Amino acid sequence: MSTTEHQTDPAGRPERLAHGLRTRHLTMMGLGSAIGAGLFLGSGLGIAAAGPAVLVSYAIAGAIVVLVMRMLAEMASALPSSGSFSVYAEAALGRWAGFLLGWLYWFTIVMVLGVEVTGVAGIVHGWWPAVPQWAVAAAVVAVFGAINLVGVRQFGEAEFWFATVKVLAIVGFLVLGVLIVVGVVPVTGSVLGKWAQYGGFAPAGLPGIAAGLLTVVFAFGGIEIVTIAAAEARDPQSAVASATRTILWRILFFYVGSVAIMVALIPWTDAARLESPFVSVLQMAGFDGAARLMEVVVVLALLSAFNANVYATSRMLFSLGGRGDAPALATRVSRRDVPWVAVLVSVFFGVVAVLLNYLLPESLLGVLLNAVGSALLVVWILVVVSQLRLRPRLEAAAAERGETLRLRAWGYPWLSWATLVALVVVVGLMLSDAAARPQIAATAGLVVVIMLVYVVARALRRVPAVPAATGRR
């Protein structure tokens, strides 16, 4: 049985959600959200850009994400809220920052929902051509919408087992890779020990590492769901602290370990094999059904991500409603303390995003997806700025209670400033890269639109209501 409590966000507003998630749910949700189709299918792009030196790119990107998440976890442990970084930005920087991050994140993840459903529908339709893609998409939306409506504990269990399958797939791949590298499993066509013939460790030099960084830095996106879900954990403070301590290093190990095996076996110039590097390694080891097996894993990864993202968007919308930045209807909860209106709205717009994938001209759809591409950078930058401003307040509040912060970000404030500089450098790299520049431009445009909506909404709130006419008999 889950318990229900009234929580208060930093601005003093009550939140009413069930507390049915356990630490194991948070841990696997974080792992599952970060280990997705981007790793299974997109890791080859980074290898093609940097060669084996993509390991340096992953290490740099991983270090940035570890530091950002530690800062976010510090704030979530002290002030658990379903609005997470949106609430912390509001408390640290003002109402505009909470509005911006809340709606930017909501729009971004809703667009991702459409991409995930479209991906699942395409793969399943390839297996069974008689099944139309719209039917697959409808089934996915219905099933996972229902899971999110039943209750937070049921959602947590579903996500736990989906994430477990993905983690087991990665662990199995790592074990196989080690057996190949030590010579237990023979393979053909490997470049192990032959890097010099392909330009060495860093064939493209520092520019290649930078290009690889731009390719892989967003692969870690999704882990922030842990701090959103923390508000519905049974013991939010200890749950988020425990979950984030283990998640960060496991994810870094899974990513770097998997990519290390790929670059040890596949030439960085082999574009065909790098299209699906996991499949290529399995085929090199003699697994004939590797392609189909990996398709199954990718489908499960996409379904897991869709499930988690419905949860994340609904909780963010619920939080925005509670702060007056979305219609109050979004705060309606069911008897199971699920924000059912917010879930249905997120699912509906997820369906709209699916339709956009089919109906929009490729150029317009590209603009929308480009806006999604670098929105995560805006979130991370404002997370760091929020932590820099909130840390003294959190420590002072804890001291008044005779306590200390249960979870602290390392090296405050110098490491926080270093992380902020690193994120600005990533933005600079994107601006200098012709392929990445449209992402920055589209995200900047989206930020401007959201801020214009904020200004108009604030102006409308300030307009006094016209008093009703009264008369005397």
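Below is a summary of the structure that appears in this document. (Residues numbered from 1 in each chain as written. Predicted model: local features only at pLDDT ≥ 70, side-chain atom pairs only at ≥ 80, totals over all residues. Heavy atoms only, no water.)

**A few points about the overall build of the chain**
Spelled out, the test is: Going along the chain from the N terminus, every DSSP run of H or I of four or more residues is numbered as a helix, and every run of E of two or more is numbered as a strand. Between the two quantities, the radius of gyration covers C-alpha atoms and the globule rule is 2.2 Å times the number of residues to the power 0.38. Accessible area is worked out with a 1.4 Å probe on protein chains only. A residue is then buried under 20% of its type maximum, exposed over 50%, and partly exposed in between. Here a residue-residue contact requires only that any non-hydrogen atoms of the pair lie within 4.5 Å. Every accessible area reported is derived by Shrake-Rupley at a probe size of 1.4 Å, with residue values counting cover from the shown protein chains alone. Charged residues are defined here as Lys and Arg on the positive side and Asp and Glu on the negative side; His and the ends of the chain fall outside this count. Where a charge lies is defined by one atom per residue type: Lys uses NZ, Arg uses CZ, Asp uses CG and Glu uses CD.
Looking only at helices and strands, the chain features 18 helices and two strands. The globule rule puts the C-alpha radius of gyration for 473 residues at 23 Å, and the 23 Å found for the chain is close to it. Based on the C-alpha atoms only, the size of the chain along its principal axes is roughly 95 × 55 × 45 Å. The buried share of the chain, taken over its 473 residues, is 52%. Taking contacts inside the chain between residues at least 6 apart in sequence as the whole, the part at least 24 apart equals 80%. Accessible surface, the chain: about 19,800 Å² in total, of which carbon and sulfur atoms supply 68%. Of note, the chain has its 31 positive side-chain charges centred 8 Å away from the centre of its 22 negative side-chain charges.

**What to know about unusual backbone geometry**
Among all residues except glycine, the phi angle is most often negative; among peptide bonds, the trans geometry is most common. The peptide bond linking Tyr-412 to Pro-413 adopts the cis configuration, its omega dihedral lying at 0 degrees. Positionally, Pro-413 belongs in the loop between α16 (375-400) and α17 (414-432). Positive phi values are uncommon outside glycine, yet Ser-84 reaches one of about 45 degrees. Tracing the chain through its elements places Ser-84 in the loop between α3 (54-78) and α4 (85-93).

**Points about the pattern of salt bridges**
Operational definition: A pairing counts as a salt bridge when a side-chain nitrogen of Lys or Arg comes within 4 Å of a carboxyl oxygen of Asp or Glu.
In the structure shown here, the tally under the stated rule is 10 salt bridges. Of the charged contacts, one joins Arg-408 and Glu-395 as a salt bridge, the two residues approaching to 2.6 Å between their closest N and O atoms. Here Arg-408 is found in the loop between α16 and α17, whereas its partner Glu-395 is found in helix α16, with 13 residues between them in sequence. By relative accessible area, Arg-408 is classed as partly exposed at 34%. Put simply, Glu-74, Arg-391, Glu-395 and Arg-408 are held in one network by salt bridges that share partners.

**Re α17**
Put simply, the rule is: Expected span of a helix, by definition, is 1.5 Å for each gap between consecutive residues, and there is one gap fewer than residues. Taken from the helix axis, the directions to the C-beta atoms give the arc we talk about.
Taking 1.5 Å per residue, 19 residues should reach 27 Å; α17 reaches 27 Å between its end C-alpha atoms and fits that length. For α17, every residue scored as buried is listed here: Ser-416, Thr-419, Leu-420, Leu-423, Val-426 and Met-430. An end-on view of α17 places all buried positions within 110 degrees of arc, on one side of the element. Every exposed residue of α17 that faces more than 90 degrees away from the buried side is listed here: Trp-414 and Ser-432. As for α17, its buried residues are in contact with α3, α8 (205-216), α16 and α18 (437-462).

**Some words on the packing of aromatic side chains**
In plain terms, the rule: Aromatic contacts are taken between Phe, Tyr and Trp rings whose centres are within 6.5 Å, Trp giving its six-membered ring; a plane angle under 30 degrees counts as stacked, one over 60 as edge-to-face, and the others as tilted.
If you walk through the whole model with that rule in mind, you get 13 aromatic pairs. Aromatic pair Trp-106 and Phe-349: ring centres 5.4 Å apart, planes at 75 degrees, arrangement edge-to-face. Of this pair, Trp-106 sits in helix α5 (residues 95-127) while Phe-349 sits in helix α14 (residues 340-359); the two residues are 243 residues apart in sequence, bridging distant segments of the chain. In this structure Trp-106 comes out as buried when scored by relative accessible area, which is 9%. The partly exposed category is assigned to Phe-349, whose relative accessible area is 34%. For the pair Phe-155 and Tyr-311, a centre-to-centre distance of 4.4 Å together with 5 degrees between the ring planes defines the contact as stacked.

**Regarding the layout of surface pockets**
As a reminder of what qualifies: Definitions used for this entry: grid spacing 1 Å over protein atoms alone; cavity, a set of points where a 1.4 Å probe fits but cannot get out; pocket, an open set with protein on both sides within 12 Å along at least 5 of 7 lines; lining residue, one with an atom within 4 Å of a point. Grid points are joined across faces, edges and corners, and a volume is the space filled by probe spheres set on the points. In the scheme used here, Gly and all other residues not listed as nonpolar or charged are polar, with Ala, Val, Leu, Ile, Met, Phe, Trp, Tyr, Cys and Pro taken as nonpolar and Asp, Glu, Lys and Arg as charged.
The computed volume of the second largest pocket comes to approximately 260 Å³. Where the lining of the second largest pocket is concerned, the elements lending two or more residues are α3 and α16. In terms of residue class, the lining of the second largest pocket is built from seven nonpolar, three polar and four charged.

**Regarding the environment of Leu-26**
With respect to the helices and strands, Leu-26 occurs in helix α1 (residues 23-34). Taking the C-alpha atoms as reference points, Leu-26 and Thr-244, separated by 218 residues in sequence, lie 8.5 Å from one another. Every residue in contact with Leu-26, bar those within four places of it in the chain, is listed here: Leu-21, Val-226, Ala-229, Ala-230, Ala-233, Ala-239, Val-240, Ala-243 and Ile-247.

**Examining the environment of Gly-324**
Residue position: Gly-324 is located in the loop between α13 (290-322) and α14. Between the alpha carbons of Gly-324 and Phe-99 there is a distance of 9.6 Å; along the sequence they are 225 residues apart. Setting aside anything within four residues of it in sequence, one finds Gly-324 in contact with Arg-95 and Arg-461.

**A word on the side chain of His-25**
The condition that has to hold: Two N or O atoms form a polar contact when they lie within 3.5 Å of each other; inside protein one atom must be a possible hydrogen donor and the other a possible acceptor, and for residues adjacent in sequence the pair counts only when both atoms belong to side chains.
Along the chain, the position of His-25 falls in helix α1. Among the polar contacts listed, one links the side chain of His-25 to the side chain of Glu-157, at a separation of 2.8 Å. Filtering out sequence-adjacent residues up to four positions away, His-25 remains in contact with Gly-20, Gly-156, Glu-157 and Phe-160.

**Quick notes on α8**
Count 3.6 residues to each turn of an α-helix, and residues three or four apart come out pointing the same way. An ideal rise of 1.5 Å per residue puts 16 Å on 12 residues; α8 measures up with 17 Å between its terminal C-alpha atoms. Where α8 is concerned, the buried positions are Gly-208, Ile-209, Gly-212, Leu-213, Leu-214 and Val-216.

**Details of empty space enclosed by the protein**
Any empty space left between atoms is shown by rolling a water-sized probe over those atoms. Counted under the stated rule, the structure contains three cavities of 30 Å³ or more. Within this model, the largest cavity holds a volume of roughly 60 Å³. As for the largest cavity, its lining consists of Ile-47, Gly-51, Pro-52, Val-191, Trp-195, Tyr-198, Gly-200, Val-263, Ile-266, Pro-267 and Trp-268. Its residues placed into classes, the lining of the largest cavity shows nine nonpolar, two polar and no charged. In this structure, the second largest cavity occupies an estimated 50 Å³ of space. In terms of lining residues, the second largest cavity is bounded by Gly-62, Val-65, Val-66, Phe-220, Ile-223, Leu-248, Ile-251 and Leu-252. Where the lining of the second largest cavity is concerned, the elements lending two or more residues are α3 and α10 (236-265). When its residues are assigned to classes, the lining of the second largest cavity shows seven nonpolar, one polar and no charged.

Keep in mind that these numbers describe shape and distance, not what the molecule does.
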